[in-house]
Amino acid sequence: MSLTLSSAHVHTTFCDGKTPAPDMARAACEKGFLSLGFSSHAPQDFDPGYCIEPAREEEYKALVRSLREEYAGRMTVYLGVERDLYSCVSPDGYDYYLAAVHYFRHPDGHHTPIDGRPEKLLSYVDACCGGDGLEMARRYFALLRDYVVSAHPPIIAHFDLIRKNNAALRLYDEDGEPYRRMALDALRPMADTGALLEVNTGAIARGYLTTPYPAPFLLKAWKEWGGEVIVNSDCHDMRYLDTHFAESEALLRSLGYDHAVRLGKSTLWERYSL
Ligand SMILES: [Zn+2]
Ligand SMILES: [Zn+2]
């Protein structure tokens, strides 16, 4: 049994998830969740199968608000959105959002997905980074750092998302000093924004990684800088609503964290002990 009893990062059939929103809410309530935040991928003007259709954004908001009414008193439901850097909509009108970078944008306007099929990222590294995986990592972190530092989002989603494809492609050495320094340098200014750093177990559920995003050395530094964390499942299937939460809580304790933050029962955010 985990302590978190919440996830602010879940996807449904409004975007690329498998579970309809009402079924996700019922599963969360049955698990004893205190709160649940829906966070479909915000509308964008490319890769349409991945995000909320622009024409359905109001339907998404209305359905989540109706679930909020239905579960009032048992579990607090929030209307969130996962907003990519290249999304075409404002996060205004949502209770909160997660800031994420999922793509590299090319000068001609097309996009390479960062966490999509490995061969797509590999061809980006070969064609645009001279075959240098570290250069790709540098570009990714620069995009996310600039997004977070300028937008001050409530939550930083999957900070080191590039680990997903690096697990298979080995584009750079994750334990090497150049990569670690680069990641720490990108994370450091984010601590001053007050954003919550997400501990994201989604890639464990899908079999890509064995530890959450971000890597432990980053979580350790975040703690030293006084940053706050939120444990999220990024689940696309209700079976994985709180997958690897207990292990992630234990990891946080081992790094010196005595609390984390979650969506609250009666206030938007609340602290709880680990
Ligand atoms: Zn994401
Ligand atoms: Zn997500």
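Everything that follows concerns the structure shown earlier in this document.
Rules behind the numbers
- Residues numbered from 1 in each chain as written.
- Chains lettered and ligands numbered in written order.
- Predicted model: local features only at pLDDT ≥ 70, side-chain atom pairs only at ≥ 80, totals over all residues.
- Heavy atoms only, no water.
- Phe/Tyr/Trp six-rings, centres within 6.5 Å; stacked < 30°, edge-to-face > 60°.
- Helix = DSSP H or I, 4+ residues; strand = E, 2+ residues; numbered from the N terminus.
- Buried < 20%, exposed > 50% of the residue type's maximum accessible area, 1.4 Å probe, protein only.
- Lys NZ or Arg CZ within 6 Å of the ring centre and 35° of its normal.
- Donors = N, O, S within 2.8 Å, 3.2 Å for Na, K, Ca; no water.
- Tetrahedral: all angles 85-135°; square planar, octahedral: opposite > 155°, others 65-115°.
- 1 Å grid on protein atoms, 1.4 Å probe; cavity = no way out; pocket = protein on both sides within 12 Å on 5 of 7 lines; lining within 4 Å.
- Points joined across faces, edges and corners; volume = space filled by probe spheres on them.
- Nonpolar A, V, L, I, M, F, W, Y, C, P; charged D, E, K, R; others polar.
- Axes fitted to C-alpha atoms, helices over the stretch in contact; angles between N-to-C directions.
- Left-handed = near helix turned anticlockwise from the far one by under 90°.
- Contact = heavy atoms within 4.5 Å.

1. Side note on the packing of aromatic side chains
Scanning the model with the defined rule gives ten aromatic pairs in all. Plain terms: the ring middles of Tyr50 and Tyr103 are 6.0 Å apart, the flat faces sit at 80° to each other, and that makes the pair edge-to-face. Of this pair, Tyr50 sits in the loop between strand 2 (35-41) and helix 2 (57-70) while Tyr103 sits in strand 5 (residues 103-105); the two residues are 53 residues apart in sequence, bridging distant segments of the chain. Here Tyr50 and Tyr103 have matching classes, each one buried. Ring plane angle 25° and centroid distance 5.1 Å describe the contact between Phe141 and Phe159, whose orientation is recorded as stacked. Pair noted here: Phe141 is in helix 4 (residues 133-151) and Phe159 is in the loop between strand 7 (155-156) and helix 5 (163-169), with a separation of 18 residues, a long-range link. Under the relative-accessibility criterion, Phe159 is labelled buried at 0%. Grouped by ring-pair contacts, the aromatic residues Tyr140, Phe141, Phe159, Tyr172 and Tyr179 constitute a single cluster. Between the NZ or CZ atom of Lys61 and the centre of the ring of Tyr94, over which it lies, the distance is 4.7 Å. The side chain of Arg68 reaches across the aromatic face of Tyr78, ending 5.2 Å from its centre.

2. Concerning the coordination of the zinc ion (ligand 2)
Taken together, the protein ligands of the zinc ion (ligand 2) are His9 (NE2), His11 (NE2), Glu82 (OE) and Asp234 (OD), with distances of 2.0 to 2.3 Å. Taken together, the four donor atoms surrounding the zinc ion (ligand 2) define angles of 80 to 166° at the centre, an arrangement classified as irregular. For the zinc ion (ligand 2), the donor residues sit on a single chain with the sequence spacing H-x1-H-x70-E-x151-D. Judged by its relative accessible area of 1%, Glu82 falls in the buried class.

3. Observations regarding the coordination of the zinc ion (ligand 1)
Geometry sets the ideal angles at a metal, namely 109.5 degrees for four tetrahedral donors and 90 or 180 degrees for six octahedral donors. Protein coordination of the zinc ion (ligand 1) is provided by Glu82 (OE), His102 (NE2) and His158 (NE2), with donor distances spanning 2.1 to 2.2 Å. Sequence positions of the donors to the zinc ion (ligand 1) reduce to the motif E-x19-H-x55-H. The metal-metal distance between the zinc ion (ligand 1) and the zinc ion (ligand 2) is 3.4 Å, with Glu82 serving as a donor to both. Here the residue His102 occupies a position in the loop between strand 4 (96-100) and strand 5, and His158 occupies one in the loop between strand 7 and helix 5, the gap between them amounting to 56 residues. In this pair, the class of His102 matches that of His158, namely buried.

4. Quick word on the layout of surface pockets
Here the largest pocket is characterised by a volume of approximately 540 Å³. Taken together, 29 residues form the lining of the largest pocket, with Asp16, Tyr50, Asp115, Lys164 and Arg206 sitting closest to its centre. Class assignment of the residues belonging to the lining of the largest pocket gives a composition of ten nonpolar, seven polar and twelve charged. Each pocket or cavity is described by its volume, and for the second largest pocket that value is around 270 Å³.

5. Overview of the packing of helix 6 (residues 177-191) against helix 8 (residues 216-224)
At a closest axis distance of 10 Å, the pairing of helix 6 and helix 8 adopts a crossing angle of 35°. Like other packed secondary-structure pairs, helix 6 and helix 8 cross with a definite hand, here right-handed. Between helix 6 and helix 8, the contacting residues are Tyr179, Arg180, Ala183, Leu184, Leu187, Met190 and Ala191 on the first element and Phe217, Leu218, Ala221 and Trp222 on the second.

Spatial relationships are all this shows, so hold off on functional conclusions.
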